[in-house]
Amino acid sequence: MCAAAAIDYTYRYPFASGVGDFENGFGLRLATSDGPQASPWFFDGRLRHPKSVGDMLLTLSDVVRTHFFLPRPPMMDPVVTSGEGVLRFEGFSGCCGVYARVDLPAEAFDSDIHGRGTTNVDFNNPMRAALCRLNDRDDARLAVGADEVSLSRGDEKIIEKKVQLPIRWIKGFCEVQAYQPALSLRYELPVAEARRFIRSLPRGGAPKRPSFITSFGRALRLSQRETKGAIRITGLERIRIIEPLFATANSLQIWADDDAGVSGWRVIFETGSIFLLVSPEIYRGFSGEGQALEKLAIGAWADALTPVRAQLAWQSNIDASDIAARTSLSTDAISSALAVLGARGLAGYDAASGAYFHRELPFDLEQVEALQPRLRAARKLLDDRKVQLLTRDGNDADAQVTGTGVQHQVRLRGDDATCTCPWYSKYLGQRGPCKHILATRLLVAPDDEETAE
Amino acid sequence: MTPEQLEQFVARADADGLVSACASLEESERRRLSKFAATLYKEIDAARSKFDPETHKWISTRLDRLDRWLDETPPPRIHEQQAIAELAMLAVCPFSQTKNIGAMGWRDAYATPPAARLLSDRSPDWIDAWVEEKLKGEFKDIGWGALRCLIRAGVCKSPSVDGYIEHMASSAPGAWHRNDETPFVPLSQRLRDDPDLLNNELWRLFEVETVAFKYDYYSKKDNSDYETWPIALKRLVDEGVIDRDRLLDASLSGLTAGIRNNLLLSGFANFHEFLAPTLDERAARQRIYLELLAHQAPQVVTFALNALKELEKCGMLDASAFIRGVAPAMTCRQKAQPKTALTMLRKIAGAKDAPHGAIALAASEACSHEAADIHERAIRLIASIAKKLPDDVRPVIADRLAQVAPSCQAAANEVIASLGLNLETAPATTSEVPEGLKADLLDRAKAMDAKWRRLAGVDAAMEAIADDTFPPPLDLDSDDIPILSGVEAVQPIESLDELIQVVSHAVEAMDRVDDVERILDGISRLCDQKPDDFERVTGPLLKRINEGVSDMKGRSLVGHLLMTPTMLRVLLRAWLRKDASVPELHVTEEGVNAFWNARLSELVQRVAKEQSAPLLAAPTHTRGWIDPRIFVRRIESLAAGGMEAPRLDLIQGLLRLAPDHRAEALALAKSVKGRYARAIRWALGAADALTKKDADDGDIWIAAARGRRPRGPITELAVLSLPEDAPDVVDNPPFNWTSSHTRREQMSLVVTIPELSISSASKAKSEVDNECYPLIALHRNSDRWSYYDTNTAWHFEWLGHIWPANADAIMVAAIQSMMLRIDDPPSNFEPNHALLQTLFQVDLPISEIAIVAAWIALVSRDADCRGVVIDALIEAIHDGRCDSQSFGDVLARITDGGWIKLNRVRDALAEIARLSPLHALVVSQILDEWVSRQSALPRDAHAITGLLLETNTQLAVPLRDASRTVLSGVRGSGKSAKAAKQLLAIDGKSPSAARKEALLLALQGRIERGERWGAPSDGFDDSSASS
């Protein structure tokens, strides 16, 4: 297990986000925090559809303020990325089970987006109140960050928010990208049907068992039976959070990955969209899912990582074939490298466009492998000489790993692996490999090992 | 100060002495004492409560060494000493230690408590951080009064964290329920006495989620001076202490702060109204009210509409702004908001120079609401101004009108016509029957074997199409029906490796109920396979089983919360280590558990001796069914191994025999020998006559009888002299049930207690040994269902596999269990949904008692049960099993009990009806039957008549004569009367496309069944005895 459950983190903003009459007119001004750049300035212009932008950002704020599983109000701020004509706001719920992203393309504004980078953005109570009141009749401006001149006036009060960022929250924020490439679009609903469906979800006394979204005849409905093609969903209150959006939205897309049990909900507006990714269970966050674990432990991306990273320049859609042309790497190696960069918080994935985008989460992620307790535990098993190979044939092997009062039996056969520990027995590999399997793989294929350092 | 001196203050609980002594200490002196103070506190805390293993109680002791400082009697109690030890830590320790000190022990008084003086003297630089630490979490760790003392004394700043405001909201008013006699200071006075709160903190009550405006309950008779926040603030406003305008604005700002808590939002709205704003005050805030029309909380929209209504009455409403902003109110989930909005639009439309185009556009937003009566209102309004509408809005209006409910489409079409546009039919009346479907279905029907065509109801469905009637319900009570075609084959475990993995997974989390018997079967066949590494490989599994699995969700095969599967743990140990010892079982020895434990015990004895053999009762198919041919092969395999069929294994196997392949199995069974051979052949259909001697094996013959014929009397058993009223032995018991209710007074409310009593005439079950009579045992459980017998979903579902051909006893248990929690949400500890899984048996009839269970589930608040039954009913309608007359009749009888909530019936059936015209038609028939059985419509019958109107309009289906008689007698102008009138007007002379489609879908479902029945079955491997 990780030595520290959380890291002390200070959000530092040159001013508080808020609404009011500013130099260029009435509007909403979001403060960006210090990071690699000092309080970056990304955008300042008029919104074409203020109401829908307000609704989307409010929903994002709802997600980051909510712990859907325990009554524990979290304190983390969302993250904004500016790059190549798209402003993206990302957030992660306190329970680590809901990832939200608002994508605002250039068409959402009447000014250019300038500035490139990723930073935190201050979402405070007055700002939420302001978002509630945005409407399409008013001429509303949005500023993300402020220019140096404004900052240098020094008449604003610096805002500092000290929080404890749980390690699992940071990990989950990174690791959630690994799920999105596997999503497939399953349903596309016009707004009236989307609203009807979301409103039909049970309130208060929702089913304890998983539900399944399925179509019968003309309609989408929630079933209690698993049938072919149905989308499994739990914790329905996490989905209902998008209900208020249908007052102004155009349509809803529902995405799913049946193997991982995750679902994606993309509400599309005239300009812009908000995307929610929901974990398989309400009590199960995205961190510790081990999706990226095996890639981090072993894999063919090692040589590709550095050149791929060098090609990142805040693209809003990273074209693997373009990078291949520049680097002479294979697209497979590039994809693997991008997946690892995603797990390290250095790239996000947009299921709708089917591509990664460059963004760098404003946390210290150099030691991301250090944040993976299972990988650390696997290395410790090796260091303590608790893994004993019984048989070996190439990368196939049988091993015995000393546990607590027991010897776990690991079997590696090609890409498949089994173990006799309770973790593997319960999840059968659906939540990534257990530490015993990881340790055995590391032992059997040390040449493929990639360290964090 | 020395450590000894500090210790003396603590020992004597001398707060004042400690405070005085610490007043002038330098920080360096404090630091020197900090470790001692912290250690002293820990020692006192440890001594304060200890667990006594002798008495199993927590007892309070003393820290004896402190007594050396005491010379008074009685000495201070240890908790008093602990309080002073806390003060000592506050006096000398750093923040890292003081932040964990609780401060709720401080008296919440206006006299400055010692701690406040102490902190004031010390003025540590961490005091603000310490205060914020105390304000974290739901329960604040510092007294409100004491905190205010610190703030007023300048010891700490007024905290900016939300917890401070939360604390003020809950603590400042004081407790309304008190025991002491001191005069109570009401909140308004407390606020006057602490005026800083009125200037600053008060206004944050409208920014932070607190209880201030959430709850307004208190008891005047307990404390007539108590004031809630609304009462206190209104008093202060009335007295001019608080600015009224500012308070009115603040209450509205709470509604626009992005707060999502519905109770709090209602609280703000109610408080605003409580201040009784004048018309001028409302007019000044009209812009905010208009913004609130788009609020996501319906009660806030209502609040805004009501406020704007007041302005409208006096001609102060900004009509243009209202028309522009009202659209979101039209699509609120409830009906109240669009109703009010449409009424206001109607009034505005009556004004001179009213912008009719904009009004019609706003009103037409209501056409996407879910309720038909909202559509009706919108249509009426648009119709009244249709002639005045500008040309550019007419197509938009017409497009929206085309989406209304079926019952409103006629009126909508009239309006569309009056707009001068071409009539557009609404999607619901447009036939979606693919071209050539009918021809395709007829071709498929012709290609079918006549036997299946008849049995599957295809002939009847084709005649129904020709006659434009609905086909009769299927008769599934036939021995010719190939049950196995409707279930899936269960793959037996094939290897030891697979068995170990399946068991390991099941110990952690059972995925499917079929895995239980797969595991029993696997162990039974493979128990003799013990390779050299068996102990090593299974070591972790055995350890896990021995340790026990904590299983709060009831998913483990052997979780410790489960009573019944203790024998499963015994079986696993017998397999893993040949340990056949059976510990004392804490289970009831009655009912189904007795049978289950005895059956497992039978297996344990053989497995412990590593005697491998096929398990007779292992299902070959899902839902517990066994292919009789495979069953016979298993018997032969046992005989070949020199073993007689184990008694309970045989009983269970006989009960699971599918009706398929009986003749073939009987032919195979000709050569079966042994004590039970005749019973086995008789189960398969042989004509052997029973004799009195067979009474020695009465349990076997009963199982054979019910394997032969699940329903109806079995007169052949009479020779065995069995009790005639033993349920499901000689005959299936009749289930006489009645629905009723009682009323009870609970805390000054009168509540209705629904009752559904079921009597089956079975006294005999207490006279026979349940262990060998599982059918009787099932009824025994259903009499007094106790979830202590079992409380896991997989075990509940497995009960339906004991006798898959007839699950009526399970249905009775489900009814009784669901009735106990009809208004409760679902529970992991009472997974009643699992009892309803037998409704998915696609080739079995749905009995009356199953229909009762279905209705109970549909009207309960258990979303799992409700969801399962909706799924089952959708399938049953599609495949023809749903007998609408029976469903309607049962619903009517349940309604007679006077407790059922018809809106729940409507909600469930509406969800089903919207899926297809066939589903709508069957729902219509169910409701039609229900209406026909009413002598007088209940008060909430509009829920039913409203849905019936929609389905019948959509399908152009008239009422039956009996229903027409009932509805013709409905008087008045209420919703039921209106719907009745409209229903009576449907003559059904021109069948709608939807109705035609429904009949084709009915035929399609029957053809699919017939094709499935007629398809060649999977090849039977004659050589296999273990699959």
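Just so it is clear, the structure is predicted and the values come from calculations on it, not from any experiment. (Residues numbered from 1 in each chain as written. Chains lettered and ligands numbered in written order. Predicted model: local features only at pLDDT ≥ 70, side-chain atom pairs only at ≥ 80, totals over all residues. Heavy atoms only, no water.)

Caption draft 1: How the structure looks around the overall build of chain A. Helix and strand counts for chain A stand at 13 helices and 23 strands. Per-residue burial over chain A gives 58% buried out of 453 residues. For chain A, contacts bridging at least 24 residues in sequence account for 70% of all contacts bridging at least 6. Counting only carbon and sulfur atoms, one obtains 47% of the accessible surface of chain A, whose full area is about 17900 Å². (Helix = DSSP H or I, 4+ residues; strand = E, 2+ residues; numbered from the N terminus. Buried < 20%, exposed > 50% of the residue type's maximum accessible area, 1.4 Å probe, protein only. Contact = heavy atoms within 4.5 Å. Areas by Shrake-Rupley, 256 points an atom, 1.4 Å probe, with all protein chains shown as cover.)

Caption draft 2: Representation of unusual backbone geometry in the model. Backbone geometry places Trp314(A), a non-glycine residue, at a positive phi of 60°. For Trp314(A), the position within the fold is in the loop between helix 8 (302-310) and helix 9 (320-327). We note that His661(B) has phi near 55°; this positive angle belongs to a residue other than glycine. Along the chain, His661(B) turns up in the loop between helix 33 (647-655) and helix 34 (662-668).

Caption draft 3: Quick peek at the environment of His661(B). Residues and elements named next belong to chain B. Since its relative accessible area comes to 23%, His661 is described here as partly exposed. Linking His661 and Pro628, residues 33 residues apart in sequence, is a C-alpha distance of 6.7 Å. Apart from residues no more than four positions distant in its own chain, His661 is found in contact with Leu484, Asp627, Pro628, Arg629 and Ser1017.

Caption draft 4: Molecular detail of the sheet that holds strand 23 (residues 416-419) of chain A. Residue and element names in this part refer to chain A. Taken in spatial order, the four strands make up an open sheet running 20-21-22-23, and their pairing is antiparallel. Either end of the sheet is taken by a strand with one partner, and the two such strands are strand 20 (387-393) and strand 23. Neighbour-to-neighbour, the strand axes of the sheet open up by a mean angle of 15°, direction not taken into account. (Pairing = 2+ DSSP bridges. Axes fitted to C-alpha atoms, helices over the stretch in contact; angles between N-to-C directions.)

Caption draft 5: Looking closely at the pairing of strand 6 (residues 86-92) of chain A. Residue and element names in this part refer to chain A. Of all seven residues in strand 6, seven are buried; the element is thus mostly enclosed. Both faces of strand 6 are covered, namely the face carrying Val86, Arg88, Glu90 and Phe92 and the face carrying Leu87, Phe89 and Gly91. One ladder, built from five bridges, connects strand 5 (residues 79-83) with strand 6; its direction is antiparallel. Its bridge partner lying in strand 6, Ser82 is registered against Leu87. Here strand 5 hands over to strand 6 after two residues, with Glu84 in that stretch at a positive phi of 50°. One ladder, built from seven bridges, connects strand 6 with strand 7 (residues 98-105); its direction is antiparallel. Following the sheet pairing, Val86 is matched in strand 7 by Pro105. Following strand 6, the chain reverses through five residues before pairing antiparallel with strand 7; Cys96 in that reversal takes a positive phi of roughly 65°.

Caption draft 6: Representation of helix 13 (residues 244-255) of chain B within the structure. Residue and element names in this part refer to chain B. For helix 13, which comprises 12 residues, the first-to-last C-alpha distance of 17 Å matches the rise-based estimate of 16 Å (1.5 Å per residue) to within 8%. Among all positions of helix 13, only Leu247, Leu248, Ala250, Ser251, Leu252, Gly254 and Leu255 are buried. Of the surrounding elements, those touching the buried residues of helix 13 are helix 11 (195-204), helix 12 (229-238), helix 14 (262-274), helix 15 (279-284), helix 16 (286-292) and helix 17 (298-313). (Expected span 1.5 Å × (residues − 1).)

Caption draft 7: Summary view of the packing of helix 26 (residues 458-467) of chain B against helix 48 (residues 993-1014) of chain B. Residue and element names in this part refer to chain B. Contact pair helix 26 / helix 48: the axes reach a minimum separation of 9 Å and the direction vectors enclose 165°. Here helix 26 is positioned roughly antiparallel relative to helix 48, judged by the angle of their axes. Crossing hand, helix 26 versus helix 48: left-handed. The segment helix 26 lies against helix 48, with Val458, Ala461, Met462, Ala464 and Ile465 engaging Leu999, Leu1000, Leu1003, Arg1006 and Ile1007. For the contact of helix 26 with helix 48, a count of residues per class yields nine nonpolar, no polar and one charged. (Parallel < 35°, antiparallel > 145°, perpendicular 65-115°, else oblique. Left-handed = near helix turned anticlockwise from the far one by under 90°. Nonpolar A, V, L, I, M, F, W, Y, C, P; charged D, E, K, R; others polar.)

Caption draft 8: Expanded view of the environment of Trp575(B). Residue and element names in this part refer to chain B. For Trp575, the location among the structural elements is in helix 30 (residues 566-577). Note: C-alpha distance between Trp575 and Gln337 (238 residues apart in sequence) is 66 Å. The residues touching Trp575, leaving out its near neighbours within four places in the chain, are Leu496, Leu499, Ile500, Val503, Ile523, Cys527, Lys530, Phe534, Leu541 and Val607.

Caption draft 9: The pairing of strand 19 (residues 355-358) of chain A, seen in detail. Residue and element names in this part refer to chain A. Residues of strand 19 alternate between two faces, with Ala355 and Phe357 on one and Tyr356 and His358 on the opposite face, all of them buried. In the sheet, strand 18 (residues 347-350) pairs with strand 19 via four bridges, with the strands oriented antiparallel. Pairing of Ala347 across the sheet is with His358, part of strand 19. Linkage of strand 18 to strand 19, two consecutive antiparallel strands, is achieved through a turn of four residues, within which Gly354 is found at a positive phi near 70°.

Caption draft 10: The arrangement of the side chain of His621(B) in detail. With respect to the helices and strands, His621(B) occurs in the loop between helix 31 (591-608) and helix 32 (628-640). Once you skip the residues sitting within four places of it in the chain, His621(B) turns out to touch Leu484(B), Val487(B), Glu488(B), Ala489(B), Val490(B) and Asp627(B).

Caption draft 11: Inspection of the nonpolar core at higher detail. With 203 residues, the main nonpolar core has Trp575(B), Leu836(B) and Trp855(B) as its most contacted residues. In terms of residue count, the dominant contributor to this core is helix 40 (residues 848-859) of chain B (11 residues). (Core = buried A, V, L, I, M, F, W, Y, C linked by side-chain atoms within 4.5 Å.)

Caption draft 12: Representation of the packing of aromatic side chains in the model. All names here are of chain A. Applying the stated rule across the entire model yields 23 aromatic pairs over all chains. On the numbers, 6.2 Å between centres and 55° between planes, the contact of Phe69 with Tyr283 is tilted. Of the two residues, Phe69 sits in the loop between helix 1 (50-64) and strand 5 while Tyr283 sits in the loop between strand 17 (273-278) and helix 7 (293-297), which places them 214 residues apart along the sequence. Overall, the relative accessible area of 36% leaves Tyr283 in the partly exposed class. Relative to Trp169, the ring of Phe92 has its centre 6.2 Å away and its plane inclined at 55°; by these criteria the two rings are tilted. Linking Phe92 in strand 6 with Trp169 in helix 4 (residues 167-175), this pair joins segments that are 77 residues apart in sequence. Assigned by exposure class, Phe92 and Trp169 land together as buried. Taken together, the ring pairs connect Phe92, Tyr99, Trp169, Phe173, Tyr179 and Phe286 into an aromatic cluster. Above the face of the Phe357 ring, Arg88 is positioned so that its terminal group lies 4.0 Å from the ring centre. (Phe/Tyr/Trp six-rings, centres within 6.5 Å; stacked < 30°, edge-to-face > 60°. Lys NZ or Arg CZ within 6 Å of the ring centre and 35° of its normal.)

Caption draft 13: Structural context of a negative patch on the surface. A cluster of like negative charges, contributed by Asp475(B), Asp477(B), Asp479(B) and Asp480(B), occupies part of the molecular surface. Taking the relative accessible area as the measure of exposure, Asp479(B) reaches 56% and is therefore exposed. (Patch = residues over 30% accessible without salt bridge, like charges linked within 9 Å, V, L, I, M, F, W, Y side chains within 5 Å. Salt bridge = Lys/Arg side-chain N within 4 Å of Asp/Glu carboxyl O. Lys, Arg positive; Asp, Glu negative; His and termini not counted. Charge placed at Lys NZ, Arg CZ, Asp CG, Glu CD.)

Caption draft 14: Just the pattern of salt bridges, in detail. Residue and element names in this part refer to chain B. Evaluated as defined, the whole model comprises 90 salt bridges over all chains. Between Asp468 and Arg995 there is a salt bridge; the shortest N-O distance is 3.2 Å. Of the two residues, Asp468 is situated in the loop between helix 26 and helix 27 (496-508) and Arg995 in helix 48; the sequence distance between them amounts to 527 residues. Note that Arg711 and Asp808 form a salt bridge whose closest N and O atoms lie 3.3 Å from each other. On the criterion of sequence distance, the pair formed by Arg711 in the loop between helix 36 (698-708) and strand 3 (735-746) and Asp808 in helix 39 (residues 808-819) is long-range, its members being 97 residues apart. Judged by its relative accessible area of 23%, Arg711 is partly exposed. Residue Asp808 is classed as buried on the basis of its relative accessible area of 11%. Overlapping salt bridges, with partners in common, bring together Asp843, Asp879, Arg881, Arg1009 and Arg1012 in one network.

Caption draft 15: Looking closely at the sheet that holds strand 12 (residues 211-216) of chain A. All names here are of chain A. The sheet built from three strands is open, its strands ordered 13-12-14 with antiparallel pairing. Here the strands that pair on one side only, and so sit at the sheet edges, are strand 13 (219-223) and strand 14 (231-233). The sheet shows a mean angle of 30° between the axes of neighbouring strands, taken without regard to direction. Those strands touched by helix 5 (residues 191-200) are strand 12 and strand 13, and its axis lies near 15° from that of strand 13.

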